[in-house]
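Chain and residue survey
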Amino acid sequence: MLFIYQKRKRMKYIFQIVIVITSLILSKTATASSCDSTCQLAQVNAYFAALDKVSRKGSSIEDIDALLALTHDDVRYIHVEYEANFDKTSWRKALIRNLKRGAYQNTAKNEKRILNSIYGKNHVAIEYSHGVIQDNGTWQKTEPLLALFGFTDGKISLVKELW
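Below is a short write-up of the structure.

Moving on, we come to the state of the cysteines. This model, assessed by the stated rule, comprises one disulfide. Paired through a disulfide, cysteine 35 and cysteine 39 show a sulfur-sulfur distance of 2.0 Å. Between cysteine 35 and cysteine 39 the disulfide shows an S-S torsion of about -95 degrees. By sign, it is left-handed. Classification of cysteine 35 as buried rests on a relative accessible area of 11%. Judged by relative accessible area, which is 24%, cysteine 39 ranks as partly exposed.

Written out as structure tokens, the structure is:
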């Protein structure tokens, strides 16, 4: 009788451990797949920093791959004005074509910055500008631009340029 009681107690203990571990795994998975406004803004800032690096003279295919590594596997890049509509593979090819034809000529003083943001469900509208860091350290912006970023599984899955 004592043996059966100990066995039940041990099984109950193991069952409780399994429930706790399962709960931790599920909550971690849910957290990893969500991306709140702070997460979205951080990702967009990282995207612009990586895009600045790609846009510099002397950039490389590795810089392009680092930019695209920030995005979801099913990312779409859409530029309304230029009628671009790329998946990740075609976007990479377009970036490499630009690199090979010498289109990227910016310096380390060229920098994109976010001016404003509006958050929606799994999306953020970003007002941003290209600009140049002046000799006195100030950043001189050009005209404001608009882009919509979408997020899936906590990563950038849409970049839609609306300028």
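It is worth spelling out the pairing of strand 1 (residues 71-79) at this point. With five bridges connecting them, strand 1 and strand 6 (residues 155-161) associate as parallel partners. When the sheet's bridge partners are listed, histidine 79 is paired in strand 6 with glutamate 161. Bridge count for strand 1 against strand 2 (residues 84-87) is four bridges, and the pairing is antiparallel. Residue pairing across strands places histidine 79 opposite alanine 84, the latter belonging to strand 2. Hairpin connection between strand 1 and strand 2: a loop of four residues separates the two successive antiparallel strands, and glutamate 83 in this loop has a positive phi of roughly 55 degrees.

Calculation criteria
Residues numbered from 1 in each chain as written. Predicted model: local features only at pLDDT ≥ 70, side-chain atom pairs only at ≥ 80, totals over all residues. Heavy atoms only, no water. Disulfide = S-S within 2.5 Å. Buried < 20%, exposed > 50% of the residue type's maximum accessible area, 1.4 Å probe, protein only. Pairing = 2+ DSSP bridges. Helix = DSSP H or I, 4+ residues; strand = E, 2+ residues; numbered from the N terminus.

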